[in-house]
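As a plain string of letters, each chain reads:
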Amino acid sequence: MLSVTPIPALSDNYIWLLRQDTSPEACVVDPGEAAPVIHVLEREGLTLGSVLITHHHPDHVGGLAELIQRYSPKVIGPHNPQIDGIDERVGDGDTCRVMGRRFDVLEVPGHTLDHIAFFTPGIPPLLFCGDTLFSGGCGRLFEGTPEQMYHSLRELAALPDDTLVFAAHEYTLANLTFAQAADPNNPDVTAALDETRRARDLDRPTLPSNLGREKNINPFLRCAVPDVRATAAQHGSTDSDQATFATLRAWKDSF
């Protein structure tokens, strides 16, 4: 059985560790630093067989060189020559296998132009989405356009509702604080915010989320909802769902 656990890294990153109960081989997603990964592998008696990379930002690849030197894993990532050490470069519609399980690759530009996500069907399905989709939010637009990010989020939202969402940052509390401002009449946001505060008071991760939950609480997936659109209209254009998204994203940048 495949299990997924977070390895906290840097200030608010999660490096996701995948392992099978019957094997000492592990996979990590977006190792922003090596030391916490090495610590967990040694503590658990695991070896690193593979690494998945979603995009080129240093807090997602900063530990890659050291892990390659120490473990020689197979590294799978996007078609971006800026990222050294990738053995298998993948793009939209490609598949790869990790520990015997099929992962589908989705190109989801917006946060960066090279951003990809990894989705594996199963019970439940799993989504490793880097900095594209967060619980209650989405990534800042460093390289891409609002149009690109809007369509990337729509592609992710089309996955099954029970898909577990393994985002790369513990941003849920800040995201839901914004969600409450953007979607003030939504009781699901209020309940999620209370739950998140309790979890963070106990230093517990708020991830993974799931897509069904995100469709109820994440304003960036709710651009067609009248209440969200009405609130966004106080901050910019809401002529379309895409325009509403762009307005929400710009508002969040300065929130």
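To start, this report covers the structure provided alongside it. (Residues numbered from 1 in each chain as written. Predicted model: local features only at pLDDT ≥ 70, side-chain atom pairs only at ≥ 80, totals over all residues. Heavy atoms only, no water.)

Focus: helix 3 (residues 64-71)
And step 1. Residues of helix 3 that are buried include every one of Leu 64, Leu 67 and Tyr 71, and no others. All buried residues of helix 3 fall inside an arc of 65 degrees around its axis, so they share one side. Exposed residues on helix 3 whose side chains face more than 90 degrees from its buried face are Ala 65 and Gln 69.
And step 2. If you follow the buried residues of helix 3, they end up packed against strand 3 (25-29), helix 1 (35-44), strand 4 (47-52), helix 2 (58-61) and strand 5 (74-78).
And step 3. The positive-phi residue at the C-terminal boundary of helix 3 is Ser 72, with phi of around 50 degrees. (Buried < 20%, exposed > 50% of the residue type's maximum accessible area, 1.4 Å probe, protein only. Helix = DSSP H or I, 4+ residues; strand = E, 2+ residues; numbered from the N terminus. Arc of directions from axis to C-beta. Contact = heavy atoms within 4.5 Å.)

Observations regarding the sheet that holds strand 9 (residues 116-120)
And step 1. Spatial strand order, 7-8-9-10-13-14: 6 strands in an open sheet with mixed pairing. On the outer flanks of this sheet lie strand 7 (95-98) and strand 14 (209-210), each paired with one strand and no other.
And step 2. Both strand 10 (residues 126-130) and strand 13 (residues 164-167) contribute to a ladder of 4 bridges, which runs parallel. Across the sheet, residue Leu 126 finds its bridge partner in strand 13, namely Leu 164.
And step 3. Docked against the sheet, helix 4 (residues 146-157) engages strand 8 (101-107), strand 9 and strand 10, running at close to 150 degrees with respect to strand 8. (Pairing = 2+ DSSP bridges. Axes fitted to C-alpha atoms, helices over the stretch in contact; angles between N-to-C directions.)

Looking at the nonpolar core
In globular proteins that are soluble, nonpolar side chains generally tend to be buried together.
And step 1. Within the largest apolar cluster, 47 residues are counted, with the highest numbers of intra-cluster contacts made by Trp 16, Leu 18, Phe 118, Phe 128, Leu 156 and Leu 248.
And step 2. Dropping the residues within four chain positions of it, Phe 128 is found in contact with Val 4, Trp 16, Leu 18, Val 29, Thr 54, Phe 103, Ala 117, Phe 118 and Phe 166.
And step 3. In terms of nonpolar packing, the next biggest core, distinct from the first, is built from 22 residues, Val 37, Leu 41, Leu 46 and Leu 48 among them. (Core = buried A, V, L, I, M, F, W, Y, C linked by side-chain atoms within 4.5 Å.)

Side note on the packing of aromatic side chains
And step 1. One pass over the full model with this rule turns up 11 aromatic pairs.
And step 2. Ring geometry for Tyr 150 versus Phe 245: centroids 6.2 Å apart, planes at 50 degrees, classification tilted. Of this pair, Tyr 150 sits in helix 4 while Phe 245 sits in helix 9 (residues 241-253), and the two are 95 residues apart along the sequence.
And step 3. For the ring pair Phe 178 and Phe 220, a centre distance of 5.9 Å and an interplane angle of 15 degrees mean the geometry is stacked. Remark: Phe 220 occurs in the loop between helix 7 (211-217) and helix 8 (226-232) and Phe 178 occurs in helix 5 (residues 172-182); sequence separation between them is 42 residues.
And step 4. Overall, the relative accessible area of 3% leaves Phe 220 in the buried class.
And step 5. Taken together through their ring pairs, the aromatic side chains of Tyr 150, Phe 178, Phe 220, Phe 245, Trp 251 and Phe 255 make up a single cluster. (Phe/Tyr/Trp six-rings, centres within 6.5 Å; stacked < 30°, edge-to-face > 60°.)

Everything listed here is a matter of geometry and, on its own, says nothing about what the molecule does.
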